[in-house]
Amino acid sequence: MWGGRFAAGPDAIMEAINASIGFDQRLAPQDIEGSRAHAAMLAAKGIITDTDAKAIREGLLTVLSEIEAGTFPFSTALEDIHMNVEARLTDLIGEPAGRLHTARSRNDQVAVDFRLWVRGQCDAVDEALGGLMQALVGQAEAGADWVMPGFTHLQTAQPVTWGHHMLAYVEMFARDRSRFADARARMNYSPLGAAALAGTSFPIDRHMTAEALGFDGPMANSLDAVSDRDFALEFLSSASICAMHLSRLAEELVIWSSAQFRFVKMSDRWSTGSSIMPQKRNPDAAELLRAKIGRIFGANVALMTVMKGLPLTYSKDMQEDKEQVFDAADNFALALAAMTGMVADMTANVAELEKAAASGFSTATDLADWLVRELALPFREAHHVTGTLVALAESQGCDLPDLSLEDMKAVHEGITKGVFDVLGVANSVASRTSFGGTSPVNVRAQVEIWKGRLT
């Protein structure tokens, strides 16, 4: 490959550290797709003959079929997927294979391969997120009026509906989905034809190859084209934010499925047992998902670290971009699939949810609001009166609805029996009709909106 520049071959350790074929072989479909587009353009511009272009095209298809069949002889000595494909193409068609690399460098070749691969991952994530969101909407529709505790500081705060809680994650994953769409739009420009770094003196047509590969156009600066890895960083950044949302939901599933909460039952498909304790039902899928998120975060930091000190344009450091992204993408896809399955299969314990919703003085805010609305108290005074009533209920070992009217009047004489209408958890959630609130009416309306968007 190096021609006459070197008198001796590389040391075995140099060969080992330099070779990337062990991981970049998964770029083979993209490498062949880019090469076919490049060859077609070279022929269209008269840079190579139509006969050579046809031989290259057919030879590349043969190479792809061998790779897909698992019979392709990958060689570490040939370093990477580009040289492995070219060497095999030479075996198959002879001299015309040597013309394929005209007006191209491995620098722009790997840039287009990797960009095509990451673009495909964005499309796969979009589809996977759509499936997860549909599963969450299904849960929201089923439990639009199931009452459960809403938490702050993992302490009971106010009653909410199960459907409202599910839709909170729908909103998060919708934002994640839009981030991937934005990243895809920004990365959809072709570096092919930038050559090593300065462009080429051959009369190539970069718009033709960009169009053939589904890009919106060619990248405008050849230096940027070969040195840019923003597209991979944006994928990892978007994946990290989405993974964080997945981890938060996984954490809730772990907590909710515990004997102390009993909010949900995870299906057998997503649970495991214990080798010694026969009663155990462990939410291992959620726990493993929660742990795998760290690998995605780590990949994001690792690639940022690789890129932060590199002068323009290409440095061999950039060979270290792919393994991190491949690993993150694989684990991210697995996490999305696992969460979709867990959400679709889980069963809510409605009775336990409602029981928990009524605990911890969860309707205290409703009481304070009633005092403001019915007795015209300033909210701060209503807050003080409510706090006093909570302390009284706590001292009596009961909840707010269990206090007598006389007990309440002793704290504030203006309180009437009408206060009991707002102290039930069902009444509480039904009253939260402000836009974005937890009322079943709101939840059902949002469910219909999301069902329309996700079809």
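Enquirer: Teacher, can you tell me more about the overall build of the chain here?
Expert: When its secondary structure is counted, the chain shows 18 helices and four strands. Scaling as 2.2 N^0.38, a compact globule of 455 residues should have a C-alpha radius of gyration of about 23 Å, whereas the chain reaches 30 Å, well beyond that. Residues counted as buried form 48% of the 455 residues belonging to the chain. Just so you have it, the chain exposes about 21,300 Å², and 54% of that area is on carbon and sulfur atoms. Computed over 40 positive and 58 negative side-chain charges, the separation of the two mean positions in the chain equals 1 Å.

Enquirer: Please explain helix H3 (residues 28-44) as it appears in this structure.
Expert: The first and last C-alpha atoms of H3 sit 24 Å apart over 17 residues, in line with the 24 Å expected at 1.5 Å per residue. Counted residue by residue, H3 has 12 buried out of 17 residues, so it is predominantly covered. Those residues of H3 that sit buried are Ala28, Gln30, Asp31, Ile32, Gly34, Ser35, Ala37, His38, Ala39, Met41, Leu42 and Ala43. Against the buried residues of H3 lie helix H2 (21-24), helix H4 (50-69), helix H5 (81-93), helix H6 (106-142) and helix H8 (206-212). Looking one or two places after H3, you find Gly46, whose phi comes out positive at around 75°.

Enquirer: Sorry, what's going on with the pairing of strand S2 (residues 155-161) here?
Expert: Across six bridges, strand S1 (residues 147-152) lies against S2 in antiparallel orientation. Across the sheet, the residue bridging to Met148 is Val160, located in S2. Taking the residues that link successive antiparallel strands as the turn, the S1-S2 hairpin has two residues, and the phi of His153 there is positive, at about 60°.

Enquirer: Just checking my understanding: could you explain the packing of aromatic side chains for this structure?
Expert: We describe a pair of aromatic rings using the distance from one ring centre to the other and the angle between the two ring planes. On inspection of all chains with the given rule, the structure shows 12 aromatic pairs. Plain terms: the ring middles of Phe180 and Phe332 are 5.8 Å apart, the flat faces sit at 25° to each other, and that makes the pair stacked. Residue Phe180 is located in helix H7 (residues 162-187), and its partner Phe332 is located in helix H12 (residues 322-345); the two are separated by 152 residues in the primary sequence. Each member of the pair, Phe180 together with Phe332, is buried. Measuring from centroid to centroid gives 5.1 Å for Phe261 and Phe263, while their planes differ by 75°, and the two rings are edge-to-face. Classification of Phe261 as partly exposed rests on a relative accessible area of 23%. Accessibility expressed as a relative area gives 3% for Phe263, which makes it buried.

Enquirer: Just to check I follow, could you spell out the side chain of Asp31 for this structure?
Expert: Tracing the backbone through its elements, the reader meets Asp31 in helix H3. One buried charged residue, Asp31, remains without a salt bridge, the closest side chain of opposite sign being Arg104 at 5.8 Å. Those residues in contact with Asp31, other than ones at most four positions away along the chain, are Ile81, His82, Val85, Gln109 and Asp113.

Enquirer: Explanation requested: the environment of Lys417 in the structure shown.
Expert: Mapped onto the secondary structure, Lys417 falls in the loop between helix H16 (405-411) and helix H17 (425-431). Assessed through its relative accessible area of 66%, Lys417 is described here as exposed. Sequence separation of Lys417 and Thr156 is 261 residues, and the distance between their C-alpha atoms is 25 Å.

Enquirer: It is not clear to me how the nonpolar core should be interpreted in this structure. Could you clarify?
Expert: Nonpolar side chains in soluble globular proteins tend to end up buried together. Grouped together as the largest cluster of nonpolar side chains are 96 residues, with contacts concentrated most on Phe173, Met339 and Met342. In terms of residue count, helix H10 (residues 230-256) provides more of this core than any other element does, 14 residues in total. Once you skip the residues sitting within four places of it in the chain, Met342 turns out to touch Leu253, Met266, Trp270, Ala285, Ala286 and Leu289. In terms of nonpolar packing, the next biggest core, distinct from the first, is built from 20 residues, Phe361, Ala382, Leu400 and Val422 among them.

Enquirer: Explanation requested: the packing of H6 against helix H18 (residues 440-454) in the structure shown.
Expert: Working note: a packed helix pair is described by the angle between its axes plus the distance between those axes. Orientation of H6 relative to H18, taken along the N-to-C sense of each, is 155°, at an axis distance of 10 Å. Compared by their axis directions, H6 and H18 come out roughly antiparallel. When you trace H6 past H18, the crossing you get is left-handed. Here Gly130, Met133, Gln134, Val137, Ala140 and Glu141 of H6 come into contact with H18, specifically with Val443, Val447, Glu448, Trp450, Lys451 and Leu454. Residue composition of the contact of H6 with H18, grouped by class: seven nonpolar, two polar and three charged.

Enquirer: Explain the state of the cysteines here, please?
Expert: Here, disulfide denotes a covalent bond that connects the sulfur atoms of two cysteines. Applying the stated criterion across every chain yields a total of zero disulfides. Left unpaired, Cys242 is separated from the closest cysteine sulfur, that of Cys122, by 12 Å. Using a relative accessible area of 0% as the deciding quantity, one classes Cys242 as buried.

Enquirer: Help me understand the pattern of salt bridges in this model?
Expert: Close approach of charged atoms lets side chains of opposite charge pair. Throughout the structure, instances matching the rule amount to 24 salt bridges. The residue Arg184 makes a salt bridge to Asp123 at a minimum N-O spacing of 2.6 Å. Taken together, the residues Arg184 in helix H7 and Asp123 in helix H6 connect sequence positions 61 residues apart. For Asp123, a relative accessible area of 36% puts it in the partly exposed group. When the shortest N-O distance is used, the salt bridge between Arg177 and Asp126 registers 3.0 Å. Remark: Asp126 occurs in helix H6 and Arg177 occurs in helix H7; sequence separation between them is 51 residues. For Asp126, a relative accessible area of 32% translates into the label partly exposed. Where salt bridges share partners, they join Asp52, Glu95 and Arg99 into one cluster.

Rules used in this analysis
Residues numbered from 1 in each chain as written. Predicted model: local features only at pLDDT ≥ 70, side-chain atom pairs only at ≥ 80, totals over all residues. Heavy atoms only, no water. Helix = DSSP H or I, 4+ residues; strand = E, 2+ residues; numbered from the N terminus. Rg over C-alpha atoms; globule rule 2.2 N^0.38 Å. Buried < 20%, exposed > 50% of the residue type's maximum accessible area, 1.4 Å probe, protein only. Areas by Shrake-Rupley, 256 points an atom, 1.4 Å probe, with all protein chains shown as cover. Lys, Arg positive; Asp, Glu negative; His and termini not counted. Charge placed at Lys NZ, Arg CZ, Asp CG, Glu CD. Expected span 1.5 Å × (residues − 1). Contact = heavy atoms within 4.5 Å. Pairing = 2+ DSSP bridges. Phe/Tyr/Trp six-rings, centres within 6.5 Å; stacked < 30°, edge-to-face > 60°. Salt bridge = Lys/Arg side-chain N within 4 Å of Asp/Glu carboxyl O. Core = buried A, V, L, I, M, F, W, Y, C linked by side-chain atoms within 4.5 Å. Axes fitted to C-alpha atoms, helices over the stretch in contact; angles between N-to-C directions. Parallel < 35°, antiparallel > 145°, perpendicular 65-115°, else oblique. Left-handed = near helix turned anticlockwise from the far one by under 90°. Nonpolar A, V, L, I, M, F, W, Y, C, P; charged D, E, K, R; others polar. Disulfide = S-S within 2.5 Å.

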